[in-house]
Amino acid sequence: NAGVTQTPKFQVLKTGQSMTLQCAQDMNHNSMYWYRQDPGMGLRLIYYSASEGTTDKGEVPNGYNVSRLNKREFSLRLESAAPSQTSVYFCASSEIRWTGNTIYFGEGSWLTVV
Amino acid sequence: GENVEQHPSTLSVQEGDSAVIKCTYSDSASNYFPWYKQELGKRPQLIIDIRSNVGEKKDQRIAVTLNKTAKHFSLHITETQPEDSAVYFCAASLSGGSNYKLTFGKGTLLTVNP
């Protein structure tokens, strides 16, 4: 049981290049998320997927696209990377429960755009 | 949407002292309030959570209190130890239903000095 697995862990991109961050969870969760973390800004939601087949914008979606490939996998794509997208990206998943929606995070992907 | 304010942004205490981190939220409908701990270079992990039908919850050295009238909640760590040093995030959401996304505060860097 690996939980939430994301790849790659580290990546350096040149401005204008594209790349896809991959994420998979093995907890049979319906909901998946992509967050970015920047110093002093906390965790900001980029996109989320409430369930397989649906995706919605979060707080900072500009410059990103997502694909919910199946229940397990949720990818984040940068079509034309910009230095402002240098950040740590966390994929996460949760199950929606009335008792609370505990989010489980992946280990993070450190992305540098030069 | 929900807005979560967290204070202080940094907190330094001596080992054995108590630490208190406070958060306020804006959406009176929010009913689920988790706290996450993030060690340097690691993923955020849930340490304690509370629902709105409870005023206080304890788990060993950590406790969370909630004041729904004032829309604020706090994390209390007693007998702090060096391993408590980390960034702590509060969050708020409406659990269950369609509006379940967690909104995070910007985090508090806690340093416990030996």
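This section reports on the structure supplied with the text. All values derive from a computational prediction rather than experimental measurement.

## Re the nonpolar core
Step number 1: By size, the foremost hydrophobic cluster in this structure holds 23 residues, and its most contacted members are W35, F73 and L110 of chain B.
Step number 2: Of all elements in the fold, only β2 (10-14), β3 (19-25), β4 (32-38), β5 (45-51), β7 (62-67), β8 (72-77), β9 (86-92) and β11 (108-113) of chain B reach the threshold of two or more residues within this core.
Step number 3: Apart from the residues lying within four places of it in its own chain, the contact partners of L110 of chain B are L11, V13, A19, I77, D84, S85, A86 and Y88 of chain B.
Step number 4: Counting 20 residues, the second largest nonpolar core, distinct from the first, contains W34, Y47, Y89 and L111 of chain A.

## Here's the deal with the sheet that holds strand β1 (residues 4-7) of chain B
All names here are of chain B.
Step number 1: Read across the open sheet, the five strands follow the order β1-β3-β8-β7-β6; overall the sheet is antiparallel. Every other strand in the sheet has two partners, leaving β1 and β6 (56-59) as the edge strands with one partner each. Each strand of the sheet is rotated relative to its neighbour by a mean of 15°, with strand direction disregarded.
Step number 2: Direction of pairing for β7 relative to β8: antiparallel, over a ladder of six bridges. What sits directly across from I62, in β8, is I77.

## Section: the sheet that holds strand β3 (residues 19-25) of chain A
Residues and elements named next belong to chain A.
Step number 1: Strand order in the open sheet made by the four strands is β1-β3-β8-β7, with antiparallel pairing throughout. For this open sheet the edge positions go to β1 (4-7) and β7 (64-68), each flanked by a neighbour on one side alone. Within the sheet, the average angular offset between the axes of one strand and its neighbour, ignoring direction, is 15°.
Step number 2: By the bridge criterion, four bridges tie β1 to β3 in an arrangement that is antiparallel. Within β3, the residue paired with Q6 across the bridge is C23.

## Describing the state of the cysteines
Residues and elements named next belong to chain A.
Step number 1: Under the counting rule described, the total for this entry stands at two disulfides over all chains.
Step number 2: Covalently, C23 is tied to C91 through a disulfide, its sulfur atoms 1.8 Å apart. Taking the sign of the S-S torsion, -75° for the link of C23 and C91, the bridge is left-handed. One end of the pair, C23, is in strand β3; the other, C91, is in strand β9 (residues 87-94), and 68 residues separate them in sequence.

## Section: the interface of chain A and chain B
Step number 1: Taken together, the 26 residues of chain A in the interface contact 22 residues of chain B.
Step number 2: Across the chain A to chain B interface the summed buried area is about 2,000 Å²; carbon plus sulfur atoms make up 59%.
Step number 3: For the interface between chain A and chain B, the tally reads one salt bridge.
Step number 4: In this structure, the salt-bridge partner of R43 of chain B is E107 of chain A, at a minimum N-O distance of 3.2 Å.
Step number 5: Those elements that provide at least two residues to the side of chain A that touches chain B are β4 (31-38), β5 (42-49) and β10 (103-105) of chain A.
Step number 6: It is β5 of chain A that contributes the most residues to the side of chain A that touches chain B, five residues altogether.
Step number 7: Considering only residue class, the side of chain A that touches chain B consists of 14 nonpolar, ten polar and two charged.

## Description of unusual backbone geometry
Residues apart from glycine generally show negative phi values, whereas peptide bonds are mostly found in trans.
Step number 1: Note that the residue after T7 of chain A, namely P8 of chain A, is joined by a cis bond; omega there is -5°.
Step number 2: Within the element layout of this structure, P8 of chain A appears in the loop between β1 and β2 (10-13).
Step number 3: That bond from H7 of chain B to P8 of chain B is cis: its omega, -5°, falls within 30 degrees of zero.
Step number 4: Here P8 of chain B lies in the loop between β1 and β2.
Step number 5: Backbone geometry at N28 of chain A places phi at a positive 60°, although glycine is not the residue there.
Step number 6: For N28 of chain A, the location among the structural elements is in the loop between β3 and β4.
Step number 7: Residue classification places N28 of chain A among the exposed residues on the basis of a relative accessible area of 53%.
Step number 8: Despite not being glycine, Q60 of chain B shows a phi value in the positive range, around 55°.
Step number 9: Relative to the helices and strands, Q60 of chain B resides in the loop between β6 and β7.

The rules behind these values
- Residues numbered from 1 in each chain as written.
- Chains lettered and ligands numbered in written order.
- Predicted model: local features only at pLDDT ≥ 70, side-chain atom pairs only at ≥ 80, totals over all residues.
- Heavy atoms only, no water.
- Core = buried A, V, L, I, M, F, W, Y, C linked by side-chain atoms within 4.5 Å.
- Buried < 20%, exposed > 50% of the residue type's maximum accessible area, 1.4 Å probe, protein only.
- Helix = DSSP H or I, 4+ residues; strand = E, 2+ residues; numbered from the N terminus.
- Contact = heavy atoms within 4.5 Å.
- Pairing = 2+ DSSP bridges.
- Axes fitted to C-alpha atoms, helices over the stretch in contact; angles between N-to-C directions.
- Disulfide = S-S within 2.5 Å.
- Buried area = accessible area lost by both parts, 1.4 Å probe.
- Salt bridge = Lys/Arg side-chain N within 4 Å of Asp/Glu carboxyl O.
- Nonpolar A, V, L, I, M, F, W, Y, C, P; charged D, E, K, R; others polar.

Honestly, it's all geometry; don't read function into it.
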